[in-house]
Amino acid sequence: MNIRSKLRRVALGVSLCGSFLSVCAQTPNEEIAKYREMLADGNPAELYEMAGEDLWKTPAGPKYTSLQACDLGLGAGVVDGAAARLPRYFADTQRVQDLESRLMTCMESLQGIPEANVVNANFGEGSKKTIAALVAYIVAHSKGMKIHVSGAHPEEKRMYALGKEAFFYQSGPYDFACASCHSADGKRIRLQDLPNLLTRSGASFAWGSWPAYRVSNGEFWTMQQRLNDCLRQQRMPYLVYGSDLSIALSMFLAKNANGGEMLAPGLKR
Amino acid sequence: MPEFKKFFRVLLGLGAVIIACQTSPFCQAQPVKTQAPENPPFKEIFQKGFRSQGIASIDRLTQDANQIFCSDPRRAQSAAGMKEARMIEQRNLESIKAPTDGVYLGDWRNGEKIAQSGRGLTWSDVPETPVGGGCYNCHQIDEHEIAYGNLGPSLWHYGKNRGSSKEVLIYTWNRISNAKAYNACSQMPRFAHSQILTEKQIQDLMALLLDPNSAVNQ
């Protein structure tokens, strides 16, 4: 089945639910489960994956080079299984990096696209849109694998500890920390389930299913965007894209998720 | 005692260096080298992880004493922490202001609207965005609203079950104004203390919970 007819089915499913909103609202989790079933062989994230594959293989930037020499941790150009082992320490940059910050490094060193171009772009625009597509392509090549983040390097340990401290750090007008909503089982905001990120099952549900295509706004969201929006709703200031803090939070989440399954790109409300 | 003499000479030498350093700008410009550069502490990494955007400036990263206490669950749950928690609760309780016009109950219908809205105070909001209480995010309130969260207890039949004695009015007012007066690390925002809701909005929420005519008490 080609992608267009898959998408037509997806759109049909969404509009059916949209036109009977009250029916959907009664059992939204069941409805989302139905969405997922309908979309199982046609997640719109596939469009991003396809675009991402092109972006990976096609020369671009001032240096007019492809990203195929990019080392995501398993050697230059190795995409299979790379996302399942991130974040990790990279000797060349001497820092722990998640997938998105690593892609920024490769785009700058191989293609000559400054990191600031990505950091300063709005989500869904410019170089951030490029990264999102690359992310979709790369995570799809870890689908079904076990999350396997080492955390053995001293820098990885340090980032994990920083992420843990950040997870419990509460401030802002609402006194919220990540822990306020994500440290107990069976909790919800409205009807949205809140995974307990201190457990392996909760953390792997979250870490393993992002990045994802969001049905509610028709956007593909990377993990960095997911974290950014969590902190926005926490009433915190703007999380800096690719900052050590964002990577520390990812390290905490990913290591807690170790052993869980990579399901991304996922499909979300 | 040769050791003592040696020690004395080192001490004298150190003194000379210190005096020289205090008078010579050259020495001040070249501070004594420490060992390997230390990793930046958590606070620095945390601060660098954010930038101000719209109404959410980086001032929001600065914690008050209550937030510092509750960011360290191990400390909060220790024996000493339990004592500290009681003191924090007492301070919060003492800081709560009773309604200036002495009226506790406003308009329950308006209260329902405030309870429904979870908007306001994010960096994507403007100062004019009406701020909601976000109550349904965490509480069941009117049972006809099925999209409610469960981080807090159900408030269905709140007034029907408790009546509206002076004690209940004051307790409920306090709980909305500053929930940390009763539980130092309650997950609930301090709606009056942190200037999230106005006095009028809190009066309307009070009515939603306690007015016998409110949908909550049918």
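Parameters at a glance
- Residues numbered from 1 in each chain as written.
- Chains lettered and ligands numbered in written order.
- Predicted model: local features only at pLDDT ≥ 70, side-chain atom pairs only at ≥ 80, totals over all residues.
- Heavy atoms only, no water.
- 1 Å grid on protein atoms, 1.4 Å probe; cavity = no way out; pocket = protein on both sides within 12 Å on 5 of 7 lines; lining within 4 Å.
- Points joined across faces, edges and corners; volume = space filled by probe spheres on them.
- Helix = DSSP H or I, 4+ residues; strand = E, 2+ residues; numbered from the N terminus.
- Nonpolar A, V, L, I, M, F, W, Y, C, P; charged D, E, K, R; others polar.
- Disulfide = S-S within 2.5 Å.
- Buried < 20%, exposed > 50% of the residue type's maximum accessible area, 1.4 Å probe, protein only.
- Axes fitted to C-alpha atoms, helices over the stretch in contact; angles between N-to-C directions.
- Parallel < 35°, antiparallel > 145°, perpendicular 65-115°, else oblique.
- Contact = heavy atoms within 4.5 Å.

This brings us to empty space enclosed by the protein. Residue and element names in this part refer to chain A. Applying the stated rule across the entire model yields 3 cavities of 30 Å³ or more. In this structure, the largest cavity occupies an estimated 170 Å³ of space. L99, V139, W207, P211 and M223 are, among the 14 residues lining the largest cavity, the residues nearest its centre. Only helix 5 (99–111) and helix 7 (126–140) provide two or more residues apiece to the lining of the largest cavity. Residues of the lining of the largest cavity, tallied by class, amount to 11 nonpolar, 1 polar and 2 charged.

A few words now on the layout of surface pockets. In this structure, the second largest pocket encloses a volume near 500 Å³. Lining the second largest pocket are 23 residues, with C70, P73, Q77, C185 and Q187 of chain B positioned closest to its centre. For the lining of the second largest pocket, the secondary-structure elements that each account for two or more residues are helix 9 (178–182) of chain A together with helix 4 (65–70), helix 5 (73–77) and helix 6 (79–95) of chain B. Here the lining of the second largest pocket takes 4 residues from helix 6 of chain B, the largest share from any one element.

Attention now moves to the state of the cysteines. Under the criterion given, the structure shown has 2 disulfides over all chains. One disulfide in the model links C70 of chain A with C106 of chain A; its S-S distance is 2.0 Å. The sign of the 75° torsion about the S-S bond sets the C70 of chain A-C106 of chain A disulfide as right-handed. Of this pair, C70 of chain A sits in the loop between helix 4 (45–57) and strand 1 (88–90) while C106 of chain A is found in helix 5, placing the two residues 36 residues apart along the sequence. A single burial state applies to C70 of chain A and to C106 of chain A, both of which are buried. A disulfide bridge connects C70 of chain B with C185 of chain B, and the sulfur atoms are separated by 2.1 Å. Between C70 of chain B and C185 of chain B the disulfide shows an S-S torsion of about -90°. By sign, it is left-handed. Of this pair, C70 of chain B sits in helix 4 while C185 of chain B sits in the loop between helix 10 (166–177) and helix 11 (199–210); the two residues are 115 residues apart in sequence, bridging distant segments of the chain. We classify C70 of chain B as buried; its relative accessible area is 10%. With relative accessibility at 29%, the residue C185 of chain B sits in the partly exposed group. There is no disulfide at C178 of chain A, and the cysteine sulfur nearest it, in C230 of chain A, is 7.1 Å away.

What follows concerns the packing of helix 4 of chain A against helix 7 of chain A. All names here are of chain A. At a minimum axis separation of 7 Å, helix 4 and helix 7 run at an interaxial angle of 100°. With respect to each other, helix 4 and helix 7 are oriented roughly perpendicular. Within the contact between the two elements, helix 4 uses A45, Y48, E49, A51, G52, E53, L55, W56 and K57 and helix 7 uses T130, A133, L134, A136, Y137, I138 and A140. Classifying every residue of the contact of helix 4 with helix 7 gives 11 nonpolar, 2 polar and 3 charged.

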